[in-house]
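# A look at the structure
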Amino acid sequence: MRTTVGIIGGGPAGLLLARLLHRTGIDCVLLEARDREYVEHRQRAGMLEQGTVDALHEADAAERLHAEGLVHQGIELRFDRERHHIDFPTLTGGRTVTIYAQTEIVKDLVALQLAEGPPLLFEAEALVIEKPESASPLVRFVHEGREQTLTCDWVVGCDGFHGISRDTFPDAVSRSYAHDYPYSWLGILADVAPSCEELIYARGEAGFALHSMRSPHVSRLYLQVPNGTDADDWPDDRIWDELAARFAIDADWTLRRGPITAKSVTPMRSYVHEPMRHGRLLLAGDAAHIVPPTGAKGLNLAVSDVRVLGRAFAALHRTGSEELLDAYSQMCLARVWQATRFSYDMTKMLHAQPDGDAFESRLQLARLRRIAASRHAAAELAANYTGLPLMP
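What counts and what doesn't
- Residue numbering note: each chain is counted from 1, following its sequence as written.
- Whole-chain, interface and lining totals are the exception, using all residues; otherwise, since this is a predicted model, local features are given only for residues with pLDDT of at least 70 and side-chain atom pairs are given and counted only at 80 or more.
- The side-chain quantities take in all heavy atoms of the structure and omit both hydrogens and water.
- Residue ranges for the domains trace back to a domain assignment, done automatically or taken from a database.
- Here, residues are in contact when the closest pair of their heavy atoms is within 4.5 Å.
- Once two parts are brought into contact, the accessible area they lose, counted with a 1.4 Å probe and summed over both, makes up the buried area.
- Salt bridges, as used here, are contacts in which a Lys or Arg side-chain nitrogen is within 4 Å of a carboxyl oxygen on Asp or Glu.
- In this text, helices come from DSSP runs of H or I with a minimum length of four residues, and strands from runs of E with a minimum of two, each type numbered from the N-terminal end.
- Accessible area is worked out with a 1.4 Å probe on protein chains only. A residue is then buried under 20% of its type maximum, exposed over 50%, and partly exposed in between.
- At least two DSSP bridges between two strands are needed for those strands to be called paired.
- Lines are fitted to the C-alpha atoms to define the axes, a helix being fitted only along its stretch in contact, and any angle between axes, read from their N-to-C directions, falls within 0 to 180 degrees.
- Ring geometry is summarised as follows: Phe, Tyr and Trp rings, the Trp one being its six-membered ring, pair when their centres sit within 6.5 Å, and such pairs are stacked at plane angles under 30 degrees, edge-to-face over 60 and tilted between the two.
- Here, over-ring charges are defined by two tests on the NZ atom of lysine or the CZ atom of arginine: distance to the ring centre within 6 Å, and angle to the ring normal within 35 degrees.

## Considering the domain arrangement of the protein chain
Domain parsing of the protein chain yields domain 1 (2-72 + 99-179 + 268-350) and domain 2 (181-267 + 353-386). If you average the C-alpha positions of domain 1 and of domain 2, the two centres end up 29 Å apart. At the junction of the two partners, domain 1 supplies 30 residues and domain 2 supplies 29 residues. Both faces considered, domain 1 and domain 2 share a buried interface measuring about 2600 Å² in area, 63% of it formed by carbon and sulfur atoms.

## Describing the pattern of salt bridges
A side chain with one charge can pair with a side chain of the opposite charge if their charged atoms come near. By the definition in use, this model includes 25 salt bridges. A salt bridge links Glu205 to Arg203; the nearest nitrogen and oxygen atoms lie 3.0 Å apart. We note a salt bridge from Asp241 to Arg257, for which the minimum N-O separation is 2.9 Å. Here Arg257 lies in the loop between helix H7 (236-247) and strand E17 (260-274) and Asp241 lies in helix H7, a separation of 16 residues in the sequence. For Asp241, a relative accessible area of 44% puts it in the partly exposed group. A single network of salt bridges, built from pairs that share partners, joins Arg64, Glu68, Glu104, Lys107 and Asp108.

## Topic: the sheet that holds strand E4 (residues 70-72)
Hydrogen bonding along the main chain pairs the strands of a sheet, whether they run parallel or antiparallel. Ordered by their spatial adjacency, 3 strands build an open sheet running E3-E7-E4, and the pairing between neighbours is antiparallel. Sheet topology places strand E3 (47-48) and E4 at the edges, where each strand pairs with a single neighbour. Here E4 pairs with strand E7 (residues 97-99) via 3 bridges, running antiparallel. Across the sheet, residue Leu70 finds its bridge partner in E7, namely Ile99.

## Points about unusual backbone geometry
Cis geometry marks the peptide bond from Glu274 to Pro275; its omega dihedral reads -5°. Relative to the helices and strands, Pro275 resides in the loop between E17 and strand E18 (277-278). At Asp60, a residue that is not glycine, the phi angle is positive and equals roughly 55°. Residue placement: Asp60 occurs in the loop between helix H3 (50-58) and helix H4 (63-68). Residue Asp60 is classed as exposed on the basis of its relative accessible area, which comes to 52%.

## Section: the sheet that holds strand E20 (residues 289-290)
Ordered in space as E6-E5-E14-E15-E16-E13-E17-E20, the 8 strands form an open sheet in which the pairing is mixed. Among the strands making up the open sheet, the edge pair consists of strand E6 (82-87) and E20. By the bridge criterion, 3 bridges tie strand E5 (residues 74-79) to strand E14 (residues 200-204) in an arrangement that is parallel. The residue bridging Glu76 from the neighbouring strand is Ile200, located in E14. Across the face of the sheet, H7 comes into contact with E5, strand E13 (175-190), E14, strand E15 (207-215), strand E16 (218-225) and E17 while running at roughly 80° to E16. Most of the contacts of helix H10 (residues 358-373) go to E5, to which it runs at about 140°, and overall it touches E5, E6 and E14.

## Notes on the pairing of E13
Each regular strand shows side chains that alternate between the opposite faces of the sheet. Sheet analysis places E13 next to E17, joined by 13 bridges and oriented antiparallel. The residue of E17 that forms the bridge with Leu186 is Val265. Relative to E16, E13 runs antiparallel, the two sharing 7 bridges. Directly across from Ser184, in E16, lies its bridge partner Val225.

## So, the pairing of E14
Most of E14 sits inside the fold, with 5 of its 5 residues counted as buried. Bridge count between E14 and E15: 5 bridges; the pairing is antiparallel. If you follow Arg203 over to E15, its bridge partner there is Phe208. As consecutive antiparallel partners, E14 and E15 are separated by 2 residues.

## So, the packing of aromatic side chains
Applying the stated criterion across every chain yields a total of 12 aromatic pairs. Judged by centre distance (6.1 Å) and plane angle (65°), the rings of Phe247 and Trp253 are edge-to-face. Of the residues examined, Phe247 reaches a relative accessible area of 0% and is grouped as buried. On the basis of relative accessible area, Trp253 is assigned to the buried category, the value being 18%. Among the aromatic residues, ring-to-ring pairing joins Phe88, Trp185, Tyr201, Phe208, Tyr222, Phe342 and Tyr385 into one connected group. The ring of Trp253 has Arg78 lying over it, and the distance from NZ or CZ to the ring centre is 4.1 Å. The positively charged end of Lys297 is found above the aromatic ring belonging to Tyr385, 5.6 Å away from the centroid.

Below you can see the structure in the form of structure tokens.
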């Protein structure tokens, strides 16, 4: 099998890249190790930056997003039993964010790909990437019970943190930077209407809590818990009681409760791999970087990587120039590190420290009060949350 761009990984990054290449007239083949059912039901992020919404519109993949997405004008910070609204359009010149689950993005892109796009092979497990420094790298993969070879001009690894693409980079050129946080998130999905119109980020002495949503009828909520927590140790009533306590304010507000349909524990980690290109192998999304979910940057960083790649491949196809491809790693890493910094700052500002550090606790409150009182500080948060420019 021969193609111009071989894409490993059928998550939103790989699917959107395939869509962009198809619309540019560039042939590609997408390999996804899992079956379609699994891919379309992986629970992941749901907050889309303005640039991510724009990218899906540009790819003509936003019909359901436009009809069903929940546009949010800001977020609410809660601390000291008070609420403080951060108004995004006022602070950013009109930018907003949209709630639309990653599972729905994947369903939309899969349907488009199967209807009109280039080959998408499910249950096609990539085994190894060979000769990435050459003009014709190849991917060996297993599909329908037999090993096959995909020869490419370029390979893009969108196969996540545990995929094979990043490990193909030689040790001599690889650098990685990681930080593990001393707490995790216990996340739930509940069949109950959200208790808020916009996301609530709550900081309390007992720990952090986040109120999000998946739709007007499904709530998504999170609690800070110790690392190593077993979700089964948290009965439903205990979860709702703890959430209510952490969201409590001195005002007329009540947390709605309902049946919990899913619960899981997510460790918190930051990770960046440099560079994002070796020879004709390029990394995108979680294959190259991971951020804690506090700043809602994971999916959005993957999309920004792919937008840069789409433009770079389009320039190559149109003019024969590899200038944008040569700049890909540096260009993306500049944005990745800013998002990593923002995610780290948000995480450190909102989470209770396991060692009970009173000094750090007072600094957290000082940071939050500064944001609540200063338009400049609030604007900085809003600019980062709604998404920094695609290109520096």
